[in-house]
Amino acid sequence: MDFDFALLLVVATAVCGIIWLYDKVLLAPKRRVTLEKAEAQAAGALPENVVATITHEPGWVDTGRSMFPVLFVVLVLRSFLVEPFQIPSGSMLPTLQIGDFILVNKYHYGIRLPVSNTKVLALNDPKRGDVAVFRYPKQPNINYIKRVVGLPGDRVTYVNKTLYINGEAQPQELLAQLPPSRPQRLVMQERLGDVQHQIFRDVNRKGIVGEWVVPEGHYFMVGDNRDNSNDGRYWGFVPDELLVGKAFAVWMHWESFFSIPDFGDARAIN
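Please read all numbers here as calculations on a predicted model, not as lab measurements. (Residues numbered from 1 in each chain as written. Predicted model: local features only at pLDDT ≥ 70, side-chain atom pairs only at ≥ 80, totals over all residues. Heavy atoms only, no water.)

Chemist: What exactly am I supposed to notice about the sheet that holds strand S8 (residues 162–165) here?
Modeler: Taken together, 4 strands build an open sheet; the order of strands is S9-S8-S7-S13 and the sheet is antiparallel. Strands with a single pairing partner mark the edges of an open sheet, and in this sheet they are strand S9 (168–169) and strand S13 (210–213). Sheet topology note: the S8/S9 ladder contains 2 bridges and is antiparallel. Pairing of isoleucine 165 across the sheet is with glutamate 168, part of S9. (Pairing = 2+ DSSP bridges. Helix = DSSP H or I, 4+ residues; strand = E, 2+ residues; numbered from the N terminus.)

Laid out in structure tokens, this is it:
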């Protein structure tokens, strides 16, 4: 079941913040006034149990006040700095394994508001070869992770399982055949501009053939598991406003029974 965790976090933070502010501005002063009146009537200090009763905070106030700073810090970190994701599919093999937990730099492609993803501060543009997380154009509540292949204005051609950028073939070198005796999959090293990385090619699967011209403000994304990736070759381009961030580290691996074997995405750890 997919749901918008960012929206849930924003709402929870806002509710707890309102509770904290309501208590600070209205309820806490009333408790202090009540305590001062009680002390004046008693003409001295009150017993501790009486003071505790008068100054007691309702449970919902205590929960909201204590949760607000925690939720606020999480919201800031997750929305503007670093967000963890888990890889549930094999579309980025061999670069990312099923079950890898990755960290994504949320500000690398610009500072964006949570939920709306509106860019408020432009920083870096995606570069060819980046591994980027983005919202799937056909269903934006799902996060996908692919490699940036085409930049705005590029003409991308895919034929004979080879990428051509503006007519120039991107070099591939055979590293291994799996299994060695009766190869079903080839491990290739590919170069995209200045970036070298490994890709998988299935021997018995016919590769898609096509050519795409990347519009301004859009990017063309392709998975490293070339014959098992639902990517731009099938559904087109990713607009800048759907970019989430740049993947930069794998911090843990745990392959659960929820993993998806082939086509897939990157799911936020909610």
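Chemist: Help me out: how do you make sense of a nonpolar patch on the surface in this one?
Modeler: A contiguous nonpolar surface patch, about 940 Å² in accessible area, is contributed by Phe72, Val73, Leu77, Leu81, Val82, Tyr107, Leu113, Val120, Leu121, Leu123 and Phe248. Among the secondary structure elements, those contributing two or more residues to the nonpolar patch are helix H3 (59–81) and strand S4 (119–121). Among the elements that make up the nonpolar patch, the one with the highest residue count is H3 (4 residues). Inspection of the secondary structure assignment puts valine 82 in strand S1 (residues 82–86). (Patch = residues over 30% accessible without salt bridge, like charges linked within 9 Å, V, L, I, M, F, W, Y side chains within 5 Å. Areas by Shrake-Rupley, 256 points an atom, 1.4 Å probe, with all protein chains shown as cover. Salt bridge = Lys/Arg side-chain N within 4 Å of Asp/Glu carboxyl O.)

Chemist: Explain the environment of glycine 210 here, please?
Modeler: Inspection of the secondary structure assignment puts glycine 210 in strand S13. As for glycine 210 and leucine 163, which are separated by 47 residues in sequence, their C-alpha atoms are 10.0 Å apart.

Chemist: What am I meant to see in the packing of aromatic side chains here?
Modeler: Any aromatic ring pair is given by two values, namely how distant the centres are and how the planes are angled relative to each other. This structure, assessed with the given rule, holds 11 aromatic pairs. Geometrically, the ring pair formed by phenylalanine 101 and tryptophan 251 is edge-to-face, given 5.6 Å between the ring centres and 70 degrees between the ring planes. A residue pair is termed long-range when its members are at least 10 positions apart, and phenylalanine 101 in strand S2 (residues 100–105) and tryptophan 251 in strand S16 (residues 243–253) qualify at 150 residues. According to the relative accessible area criterion, phenylalanine 101 is buried, its value standing at 7%. Its relative accessible area of 44% is what places tryptophan 251 among the partly exposed residues. An aromatic cluster is built from Phe134, Tyr136, Tyr144 and Trp235, whose rings are joined through pairwise contacts. Lying across the ring of tyrosine 158, arginine 233 places its NZ or CZ 4.9 Å from the centre. (Phe/Tyr/Trp six-rings, centres within 6.5 Å; stacked < 30°, edge-to-face > 60°. Buried < 20%, exposed > 50% of the residue type's maximum accessible area, 1.4 Å probe, protein only. Lys NZ or Arg CZ within 6 Å of the ring centre and 35° of its normal.)

Chemist: Explain the sheet that holds strand S12 (residues 195–202) to me, please; I cannot follow it from the model alone.
Modeler: Each strand in a sheet pairs with its neighbour through backbone hydrogen bonds, running either in the same direction (parallel) or in the opposite one (antiparallel). Pairing in this open sheet of 3 strands is antiparallel, and the strands run S10-S11-S12 from one edge to the other. The two strands at the open ends of the sheet, each matched to only one other strand, are strand S10 (172–178) and S12. On average, each strand axis in the sheet is inclined to that of its neighbour by 25 degrees, with strand direction left out of account. When S10 meets strand S11 (residues 185–192), the two strands line up antiparallel, connected through 6 bridges. Residue pairing for S11: glutamate 173 is matched across the bridge by glutamine 189. (Axes fitted to C-alpha atoms, helices over the stretch in contact; angles between N-to-C directions.)

Chemist: Sorry if this is basic, but what is going on with the packing of helix H1 (residues 5–42) against H3 here?
Modeler: The relative placement of two packed helices is expressed as an angle between their axes plus a distance between the axes. For the pair H1 and H3, interaxial distance at closest approach is 7 Å and the crossing angle is 135 degrees. By the angle class used here, H1 and H3 are oblique. Remark: the crossing between H1 and H3 carries left-handed chirality. Residues of the contact of H1 with H3, tallied by class, amount to 18 nonpolar, 3 polar and 3 charged. (Parallel < 35°, antiparallel > 145°, perpendicular 65-115°, else oblique. Left-handed = near helix turned anticlockwise from the far one by under 90°. Nonpolar A, V, L, I, M, F, W, Y, C, P; charged D, E, K, R; others polar.)

Chemist: For this particular structure, what's the right way to read the confidence of the model for the protein chain?
Modeler: Segments scoring low in pLDDT should not have their predicted coordinates read at a detailed level. Across the protein chain, the average pLDDT comes to 91, with 93% of residues at or above 70. Within the model, pLDDT remains below 50 along residues 257–264, and this stretch shows 22 contacts once partners closer than five positions in the same chain are excluded. (pLDDT = per-residue confidence, 0-100. Contact = heavy atoms within 4.5 Å.)

Chemist: I tried to follow the packing of H1 against helix H2 (residues 48–55) on my own but got confused; where do I start?
Modeler: Packing of H1 against H2 leaves a shortest axis separation of 9 Å and a crossing angle of 150 degrees. With respect to H2, the axis of H1 lies roughly antiparallel. By crossing handedness, the relation of H1 to H2 is classed as right-handed. Counting all contacts with H1, which are made through Arg31, Thr34, Leu35 and Ala38, the residues of H2 involved are Val51, Ile54 and Thr55. Split into classes, the residues belonging to the contact of H1 with H2 amount to 4 nonpolar, 2 polar and 1 charged.

Chemist: Can you help me understand H1 in this one?
Modeler: The terminal C-alpha atoms of H1 lie 52 Å apart, and with 38 residues this matches the ideal 56 Å at 1.5 Å per residue to within 8%. The axis of H1 is deflected most strongly, by about 45 degrees, at aspartate 23. Once H1 finishes, alanine 43 follows within two positions and takes phi at roughly 55 degrees, a positive value. (Expected span 1.5 Å × (residues − 1). Bend = angle between axes of the 7 residues up to and from the residue.)

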